[in-house]
Protein chains: 2
Amino acid sequence: MALTREAVVGAAVGILREFGLADLSMRRLARDLNVQVGALYWHVSNKQELLVEVAAELLSSPALTAGTAARPPAAAATWRGDILHLGSSLHTLLLPVPDSAEVVQVARVLAPERLAPLTRMTETFTAAGLTPERAASAQSLVVNHVLGAVAEAQNRADFEITGSATDYRWALERALDGLLPPVAHDAGNGRAAGE
Amino acid sequence: MALTREAVVGAAVGILREFGLADLSMRRLARDLNVQVGALYWHVSNKQELLVEVAAELLSSPALTAGTAARPPAAAATWRGDILHLGSSLHTLLLPVPDSAEVVQVARVLAPERLAPLTRMTETFTAAGLTPERAASAQSLVVNHVLGAVAEAQNRADFEITGSATDYRWALERALDGLLPPVAHDAGNGRAAGE
DNA sequence: ACCTGAACACCGTTCAAGT
DNA sequence: ACCTGAACACCGTTCAAGT
């Protein structure tokens, strides 16, 4: 039963799920795997790379990987639905995993290309008519909002804060209102979504 | 020259500004202040409380504290301008301070009431007609976006990443388009901003 | 190729004891 | 009241040496 990279990442995900990021240390990981700390560094070059791998695994759920395969052209109104669905799937997926928003944030900074569902969201924005730069900015707005909402909800639970949780979904929909203005189908003005 | 709480916070802000969060340790702070580590704990109960203080000081700039004093009633169109101004002031203020977005995030979780400018932004949203819950959610969207943009720009610099920075301001304006729909002054329909 | 043992240079926090 | 000295229980990372 040799130690593998997958085993290391898997154990890391397990610790995160059960105990959170504070307990996810290289030494704790080694102890759980009955191995010396140094052994981990044969399979993973450092902790940051491990966290990227953990985030990638968290976002590899089928709930996020589905969709966008083949879309009938000119189904414009569904781009919004795709993004809304992606955002709320992300939210429900991360909510039960402590500190998952922080981990995804780190991964987004270090290796955004490893987080396929987030890349797909940017692509959806461009498909909806935004320029690449604006699509990146729009994705950033949406993802920051969802991750922020997850982090807030988790911390609210941790600190036993009273008061109502903020309605992340309402703000998400309003953001999409601004980012993807509805195509006007009342009069015949051919104004596109971008510009 | 007795050690004071203000001196501790001031030195912490200095380390953050010059070297970033990685170098802002209690031990480094004590060394810079020519004091034993334990001494810090007389003036500050733990590191988290210190970070809240650091964030509060970062956001105590006059650029963020101004405005909203007395507004002529029914100057509805300027709520948007106020928020836009607050958001971009926050951005330009934090951008030169390494890891400042992370520090503010921590403070926002631990003691949001200590960050007056952010509270003021929520108040502006309610003044613009949103319910308290929605105002909180709208503020969260905007602040997460600005902090995310700051963090991204700083990391882009750290890792010498090529490619254009995302246009945070465009997305911010689109978000406000959705959050604060313009009052319709073409026909005489009295639809309010909320709902 | 893969892992151990042991070191290096750090952390945050606590607390008796001093002044 | 305020600070020192010293400890406790940790960190991430490296690397010669073993197998």
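Residues numbered from 1 in each chain as written. Chains lettered and ligands numbered in written order. Predicted model: local features only at pLDDT ≥ 70, side-chain atom pairs only at ≥ 80, totals over all residues. Heavy atoms only, no water.

Turning our eyes to something else, we now look at the protein's contact with DNA strand D. The immediate surroundings of DNA strand D are formed by 17 residues, with Met26(A), Arg27(A), Tyr41(A), Gln36(B) and His43(B) found nearest. Contacts to DNA strand D include Lys47(A), whose side-chain N or O atom sits 2.9 Å from a phosphate oxygen. Between DNA strand D and the protein, one listed contact pairs a phosphate oxygen with a side-chain N or O atom of Trp42(B) at 3.2 Å. Counting residues per element, the ones that place at least two in the surface near DNA strand D are α2 (26-32) and α3 (37-43) of chain A together with α3 (37-43) of chain B. In terms of residues, the surface near DNA strand D owes the most to one element, α3(B), which gives 4 residues. (Near = heavy atom within 4 Å. Polar contact = N/O pair within 3.5 Å; in protein donor to acceptor, adjacent residues only side chain to side chain. Helix = DSSP H or I, 4+ residues; strand = E, 2+ residues; numbered from the N terminus.)

The next thing to look at is empty space enclosed by the protein. A complete count under the given rule lists 2 cavities of 30 Å³ or more for this structure. If you add up the space inside the largest cavity, you get close to 50 Å³. Lining the largest cavity are Leu64(A), Leu86(A), Gly87(A), Leu90(A), Pro117(A), Leu118(A), Met121(A), Val142(A), Val143(A) and Val146(A). Counting residues per element, the ones that place at least two in the lining of the largest cavity are α6 (77-94), α8 (116-127) and α9 (132-158) of chain A. Of the residues that constitute the lining of the largest cavity, the class distribution is 9 nonpolar, 1 polar and no charged. If you add up the space inside the second largest cavity, you get close to 30 Å³. Lining the second largest cavity are Leu64(B), Leu86(B), Gly87(B), Leu90(B), Pro117(B), Leu118(B) and Met121(B). Looking at the lining of the second largest cavity, the elements that each hand over two or more residues are α6 (77-94) and α8 (116-127) of chain B. Considered class by class, the residues forming the lining of the second largest cavity number 6 nonpolar, 1 polar and no charged. (1 Å grid on protein atoms, 1.4 Å probe; cavity = no way out; pocket = protein on both sides within 12 Å on 5 of 7 lines; lining within 4 Å. Points joined across faces, edges and corners; volume = space filled by probe spheres on them. Nonpolar A, V, L, I, M, F, W, Y, C, P; charged D, E, K, R; others polar.)

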